[in-house]
Amino acid sequence: MGTERAMPEPQQNPWFQRLPATAPVLAAKEAEARRAFAESQQAGLAAAIALAQADAAAVLEPARSRLPRLNRQGALPAAGAGAVTVPPAASAGTFKGPAGQAPTGDPATNGAGVVASPPAGDAARFSRILSYLQSPLLITILTVQAVLSLRLVWSNTAFLDEATYLAAGHVEIAHWLHGTPVPAYQTYFSGAPVVYPPIAALAASAGGLVAARLLSLAFMLGTTALLWATSSKLFGRSAAACAAAIFAVMGPTLRLGAFATFDAMALLMVAASVWCMVSAKDRDDSAWRLVAGTALLVLANATKYATLIFDPSIVAIAGLAAARNSGIKSGIARGGYVAAGAIGLLSVLLTLAGPTYTDGLLFTTVARADGGTSAAIVAANAWKWAGLAFAASAAGLILCTIRRDGRIQWLLLGVLVASGLLAPLDQVRIHTSISLSKHVDFGAWFAAIAAGYAISRVPLLFGRSRLPRMAATGAILLAIAVPATFMGTSQAWALFHSWPNSTGLVARMRVLTAEHPGRYLVEDYDVVSYYLEDRTSWQQWSGTWDISYRVPGRARPLTGLAGYRAAISRHYFALIVLDFVDTTEADRAIAADIFRSSDYSVIGVVSSTLGQYTIWAYQPPLPSGRS
């Protein structure tokens, strides 16, 4: 078969003889490979740090403002000047063991004793949201806000608007469930009657007026939390704490937290929309956040029509937030997407709702009648309720100019400052202070973000040491927040007691409506009808603001004072209640009509916190021959 080649013994093999000299080389190669593996893990950690730094860039002041004045062309400062250094990234790939397999070990350390970077995606987002909720300072701010608003919840009976919306909610629900008739709320409500009123009515069904007011408190606490989250995204945690602290103790904020109207819900929707726009600027799922933000904006518009005035501001914020990271072109595109989406959704909703909703929008908001109040009085009231936030926000814009934080930053702060002034300027235009104490809080939410920026950046003018800056920020915040809390508390209490307590009137009317069935004319009747909705229907009540009375035999109904005069002369009302407060001129004309009629007489006078109610009852003359 062939001769097999003889092999030398191992001791005679020259390669075997060289093995002792090769062993140190192999050991060195093994050590080098281990070092490469450790460096690759460190590089992974460094990459995670780099990603975290990129994410934090949005909440810290722009990098350009951190660089020395002579080094503003993009070069990083030297490592010894406070720059953060990271190990150089190793080549891509994973070190394999001797058998060609990945190293084993604790998954948390990737087998090399180096902690792996945290997972991205939903878990990371939830962790960030949880960090906001777990912030002791935020919890403290929300607790103070809740306590100060709670003291108002039980302090007075329902306001006219509260009673109107809660009663309307019950009527709407009954209409959906049973097909019962419903008034044309959409023609004179300043928000869609099918959005907030049914939600509040469900809460009231569970716990009365108190439950509906607690629902508003939940809305306002969520609004403050979203203010914190939005400010943190834009300008950092220090600015977020300052913004939330200022907004939480304002008088209008505390009042809305105990006020069962659609304002708190609408403000929450506005805040949530802005947060979606701001948080979408550096996310892979930005499209979904922008869609959600646009939908929330349209929902806010439907809840309260007056929020339409803030739509351009939110579009601008969405664009500027994107421009900070991706450039002007990207910001313009994003703003255009949001604007087109909002206009499209609003157009669809108005088309589906019909012309009555359009008429209501024009009547209550877009083409509202002139109120006759001087511009100086409107401006003074707005300054009284939110002047602190306005002044601090303007200081933020000035500070941004001094610090040269960049054009995008300056434009963003400018939008926030201008948004704060939108509601007062609009009411100066139509010369009315009606609802100004509520509307001003919408603008204050935007202004508080710029105010938080100002308070957190002032200490930077005096040094870069972290601890003194934090102490200075805290001192400035306390100097503002403490007096603001006392002022806001007193303002909220005064606003909440600006209408009469109706406890006595409701108790008296509960008895009288049983003794005198029929129809009732009551000044601000919505309050009494709300408390007596278990025994009367909305068709039985009329108010002193306006009336539409159809005289038998006439084709068109009579309105205004002529309508009241005709209704009283024909004994249309079984009871008439006036207090000569809200509709003084109409009340005097109605009282004159009552005196001209010999069939109404005063049967009671009920005192209130702001005057007294006079009650007349229709008492037909006795038949002849009876005494």
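Report follows, based on the coordinates.

Calculation notes
- Residues numbered from 1 in each chain as written.
- Predicted model: local features only at pLDDT ≥ 70, side-chain atom pairs only at ≥ 80, totals over all residues.
- Heavy atoms only, no water.
- Phe/Tyr/Trp six-rings, centres within 6.5 Å; stacked < 30°, edge-to-face > 60°.
- Helix = DSSP H or I, 4+ residues; strand = E, 2+ residues; numbered from the N terminus.
- Buried < 20%, exposed > 50% of the residue type's maximum accessible area, 1.4 Å probe, protein only.
- Lys NZ or Arg CZ within 6 Å of the ring centre and 35° of its normal.
- Expected span 1.5 Å × (residues − 1).
- Bend = angle between axes of the 7 residues up to and from the residue.
- Contact = heavy atoms within 4.5 Å.
- Pairing = 2+ DSSP bridges.
- Polar contact = N/O pair within 3.5 Å; in protein donor to acceptor, adjacent residues only side chain to side chain.
- Axes fitted to C-alpha atoms, helices over the stretch in contact; angles between N-to-C directions.
- Core = buried A, V, L, I, M, F, W, Y, C linked by side-chain atoms within 4.5 Å.
- Salt bridge = Lys/Arg side-chain N within 4 Å of Asp/Glu carboxyl O.

1. Things to note about the packing of aromatic side chains
Under the criterion given, the structure shown has 20 aromatic pairs. Measuring from ring centre to ring centre gives 5.2 Å for Y165 and F189, while their planes differ by 90 degrees; the resulting arrangement is edge-to-face. Here F189 lies in the loop between α5 (160–178) and α6 (196–235) and Y165 lies in helix α5, a separation of 24 residues in the sequence. On the basis of relative accessibility, which here comes to 7%, the residue Y165 falls in the buried class. Above the plane of the ring of F259 lies R255, whose end atom (NZ or CZ) is 4.2 Å from the centre.

2. Looking at helix α14 (residues 375–403)
Residue pairs spaced three or four apart in an α-helix point in one direction, given the helix's 3.6 residues per turn. In this model, α14 (29 residues) spans only 35 Å end to end at C-alpha, well below the 42 Å of a helix rising 1.5 Å per residue. The principal kink in α14, of about 80 degrees, is found at A386. Two residues or fewer after α14 comes R404, characterised by a positive phi angle close to 55 degrees.

3. Quick look at the environment of L561
Take L561: it is sitting in helix α20 (residues 560–569). Judged by relative accessible area, L561 falls into the partly exposed class, the value being 40%. Between the C-alpha atom of L561 and that of I547, which follows or precedes it by 14 residues, the distance is 8.2 Å. Setting aside anything within four residues of it in sequence, one finds L561 in contact with A586 and A589.

4. Notes on the pairing of strand β7 (residues 611–618)
Judged from the four bridges that link them, strand β5 (residues 575–578) and β7 form a sheet pairing that is antiparallel. Among the inter-strand pairings, V577 is bridged to a residue of β7, identified as I615. Two elements, strand β6 (residues 600–608) and β7, share eight bridges in a ladder whose sense is antiparallel. From the neighbouring strand, Y600 faces β7, where its bridge partner is Y618. In this structure, the hairpin formed by β6 and β7 is closed by a connection of two residues.

5. With respect to unusual backbone geometry
Here the phi dihedral of D524 falls at roughly 55 degrees; this positive angle occurs in a residue that is not glycine. Counting through the fold element by element, D524 comes out in the loop between β1 (520–522) and α19 (525–531). The backbone phi angle of H571 is positive, close to 60 degrees, even though this residue is not glycine. By the secondary structure assignment, H571 is in the loop between α20 and β5. Residue class for H571 comes out partly exposed when judged on its relative accessible area of 27%.

6. Some details on the environment of Y572
Within the fold, Y572 resides in the loop between α20 and β5. Sequence separation of Y572 and Y618 is 46 residues, and the distance between their C-alpha atoms is 9.0 Å. In this structure Y572 touches R519, Y549, A567 and Y600, once residues within four positions along its chain are discounted. Only 3.1 Å separates the side chain of Y572 from the side chain of R519, close enough to count as a polar contact.

7. Digging into the sheet that holds β7
Pairing within the open sheet is mixed, and its five strands lie in the order β2-β1-β5-β7-β6. Each edge of the open sheet carries a strand with a single partner, namely β2 (541–542) and β6. Packed on one face of the sheet, helix α21 (residues 584–596) meets β1, β5, β6 and β7 and runs near 140 degrees to β5.

8. Describing the nonpolar core
Formed by 116 residues in total, the largest nonpolar core has its most connected members in F235, W445 and F446. Looking at this core, the element that brings in the most residues is helix α9 (residues 262–279), giving 15 residues. With sequence-adjacent residues up to four places away left out, F446 is seen in contact with V270, V274, F310, I314, I317, L416, S419 and G420. If you look at the next biggest cluster of nonpolar residues, it comprises 17 residues, including I547, A566, I576 and I590.

9. Points about the pattern of salt bridges
Using the criterion set out here, one finds eight salt bridges in the structure. With a shortest N-O distance of 3.6 Å, D161 and K438 are connected by a salt bridge. Remark: K438 occurs in helix α16 (residues 436–457) and D161 occurs in helix α5; sequence separation between them is 277 residues. One salt bridge in this structure joins R510 and D534, with 3.7 Å as the shortest N-O distance. Taken together, the residues span a long stretch of sequence, with R510 in helix α18 (residues 503–515) and D534 in the loop between α19 and β2 at a distance of 24 residues. What emerges from the salt-bridge pattern is a single network uniting D161, D263, K304 and K438.

Such coordinate-based values are descriptive only and should not be taken to indicate function.
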